[in-house]
Amino acid sequence: MTRSIITPIPAEAAQRRLMNIEEEIIGALRDTIHSGQYLLGDQVEALEQHISERWSSPLAVATSSGTTALQLALAAAKVGAGAEVIVPALTFPSTSFAVNAVGATPVFADIDPVTLTLSPAAVEKAITDKTAAIMPVHLYGQVADMDSLLQIAKAHNLKVIEDCAQAHGARLGDRFAGAMGDFGSFSFWVGKIAGGLEDAGFVLARQPESRFVLQQLRDIGRLPGDRYTHISWGLRGRMGEFTARVIQLEMDRLDEWLEQRRAIAARYTESFADLPLQLPRPAHPENHVYYKYTVLTKSPEHRQAIEQVMYEANIQPERIYPELVCSQPAYTRSGLPHRLTDLTVAEDTVHRLLCLPIYPELTPQEVDRVLGAVRAGCGAVKTA
Ligand SMILES: *Cc1c(COP(=O)(O)O)cnc(C)c1O
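Right, let's walk through the structure included here. Fair warning: this is a prediction, and the values are worked out from it, not measured in the lab.

Reading the values: the criteria
- Residues numbered from 1 in each chain as written.
- Predicted model: local features only at pLDDT ≥ 70, side-chain atom pairs only at ≥ 80, totals over all residues.
- Heavy atoms only, no water.
- Buried < 20%, exposed > 50% of the residue type's maximum accessible area, 1.4 Å probe, protein only.
- Helix = DSSP H or I, 4+ residues; strand = E, 2+ residues; numbered from the N terminus.
- Pairing = 2+ DSSP bridges.
- Contact = heavy atoms within 4.5 Å.
- Axes fitted to C-alpha atoms, helices over the stretch in contact; angles between N-to-C directions.
- Near = heavy atom within 4 Å.
- Polar contact = N/O pair within 3.5 Å; in protein donor to acceptor, adjacent residues only side chain to side chain.
- Areas by Shrake-Rupley, 256 points an atom, 1.4 Å probe, with all protein chains shown as cover.
- Nonpolar A, V, L, I, M, F, W, Y, C, P; charged D, E, K, R; others polar.

## Details of the pairing of strand E8 (residues 183–187)
- The buried fraction of E8 amounts to five of the five residues, a majority that puts the element mostly inside the structure.
- Side chains Phe183, Ser185 and Ser187 of E8 all project onto a buried face; the interleaved residues Gly184 and Phe186 project onto the opposite face, where all are buried too.
- Pairing of strand E5 (residues 159–163) with E8, which is carried by three bridges, proceeds in the parallel orientation. Across the sheet, residue Asp163 finds its bridge partner in E8, namely Ser185.
- Judged from the five bridges that link them, E8 and strand E9 (residues 201–205) form a sheet pairing that is antiparallel. Bridging across to E9, Ser185 finds its partner in Val203.

Structure follows, in structure tokens:
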């Protein structure tokens with residue numbers, strides 16, 4: 001009997017996504033060249049309008065990346081030197097680096113053991129006289145406990161800046177991630193749920209008055225239409241017209257993609273019910289958009305055993321993230337200012353988490369292969 005060739009299943013599939021709309025992307029490039037507008041033109045403005053309507057936010061401002069978007073939101077919220085900002089310890093470094101970038105101090109707080117997002121109880125304990133803002137991260141695409149966090153923020157007069165880099169379209173009822181806090185920040189880096197061929201991002205703001213300050217901050221202190229007047233200091237943080245066109249092509253497909261992600265997640269959840277794994281358990285389906293399907297294994301050894309079987313089956317496992325941000329050399333060795341709090345849950349979680357491939361372009365056969373490998377991996381380890 002001949003064995004069929006096992007093709008690799010990548011953890012991330014931006015290339016598959018882009019190749020599916022390749023002809024349209026090439027058309028968008030041609031249209032951009034012919035339009036004569038290359039940065040912050042009509043296409044960027046149309047996308048800003050689309051995003052603000054789509055996610056029911058009064059204001060959307062396009063930026064050059066998710067990292068830039070976070071920094072702009074903090075600056076527009078007037079968070080600066082001397083202030084503390086509470087962030088989850090389990091996130092991408094951009095969350096806390098943005099706090100350092102505006103001269104404030106990130107305070108690393110623990111996560112909830114079920115949702116793996118910022119723990120409201122940990123936030124309450126981390127608050128001091130210096131606390132100016134909270135930055136919940138909707139990690140893996142699951143909305144953080146926003147009702148509790150917004151309540152705490154209100155009681156202590158804190159700004160809330162949502163990091164939605166992984167949560168395009170996630171909702172709590174009819175409220176979208178990014179439109180619940182004072183500001184919401186999105187990444188449209190190519191590897192995220194949606195993104196162009198380059199870096200890109202978005203800031204949502206609840207107060208329409210934030211428009212001018214955000215526009216100045218993203219474009220070296222000037223406002224659209226006034227090229228040589230620099231009202232304030234600002235970053236080089238623009239979005240390009242071609243990128244805006246590609247993102248718009250993807251926005252037309254986003255809802256369908258989210259349904260496909262949820263369908264694969266449902267297959268994983270159903271199939272893994274009898275395995276010794278903690279699975280994602282959103283209270284409602286719309287709370288999670290499955291940027292990653294992350295399970296908690298029983299121990300670091302258990303995780304390694306499953307990863308081994310996945311590698312042998314040509315499936316790429318992922319650890320998002322392999323370390324807590326505060327354990328990165330930038331903080332432990334290079335002296336970037338920060339403050340630690342009790343991180344018992346995050347420290348335990350980071351050594352047991354495992355992310356499985358999940359994206360709309362996965363075939364049913366590939367999903368079967370992941371199911372089989374994870375089951376085999378669980379059988380391969382003694383779970384005494
Ligand atoms: C990707 C990501 C960012 C940064 O976005 P970029 O567009 O890469 O700058 C910030 N926060 C989180 C949680 C992310 O996953």
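Picking up where we left off.
## Side note on the sheet that holds strand E3 (residues 105–109)
- With mixed pairing, eight strands are arranged side by side in an open sheet as E1-E9-E8-E5-E4-E2-E3-E11. On the outer flanks of this sheet lie strand E1 (59–63) and strand E11 (339–340), each paired with one strand and no other.
- Strand direction decides the pairing type here: E3 and E11, joined by two bridges, are parallel. Opposite Val107, over in E11, you have Arg339 as the bridge partner.
- Running at roughly 165° to E8, helix H4 (residues 66–76) makes contact with E1, strand E2 (84–88), E5, E8 and E9 of the sheet.

## Brief notes about the site of the ligand
- Lining the immediate environment of the ligand, one finds 17 residues, of which Gly66, Thr67, Asp163, Ser187 and Lys192 sit closest.
- Here Ser187 contributes a side-chain N or O atom positioned 2.6 Å from an oxygen atom of the ligand.
- In this structure, an oxygen atom belonging to the ligand sits 3.3 Å away from a side-chain N or O atom of Lys192.
- Look at the ligand: alone it shows 380 Å² of surface, and the protein chains cover 93% of it.
- Of all the elements, H4 adds the most residues to the shell around the ligand, at three residues.
- When its residues are assigned to classes, the shell around the ligand shows seven nonpolar, eight polar and two charged.

## Details of the environment of Tyr228
- Assignment of secondary structure puts Tyr228 in the loop between helix H8 (210–218) and helix H9 (241–251).
- The sequence separation of Tyr228 and Ala346 amounts to 118 residues, and the corresponding C-alpha distance is 48 Å.

## Observations regarding unusual backbone geometry
- Cis rather than trans, the peptide bond between Ile320 and Tyr321 has omega equal to 10°.
- Mapping Tyr321 onto the fold places it in the loop between helix H11 (300–312) and helix H12 (329–332).
- Backbone geometry places Tyr140, a non-glycine residue, at a positive phi of 65°.
- Mapped onto the elements of the fold, Tyr140 is located in the loop between strand E4 (131–134) and helix H7 (146–156).
- The backbone of Tyr290 sits at a positive phi, close to 50°, despite the residue not being glycine.
- Looking at the secondary structure, you find Tyr290 in the loop between helix H10 (254–271) and strand E10 (293–296).

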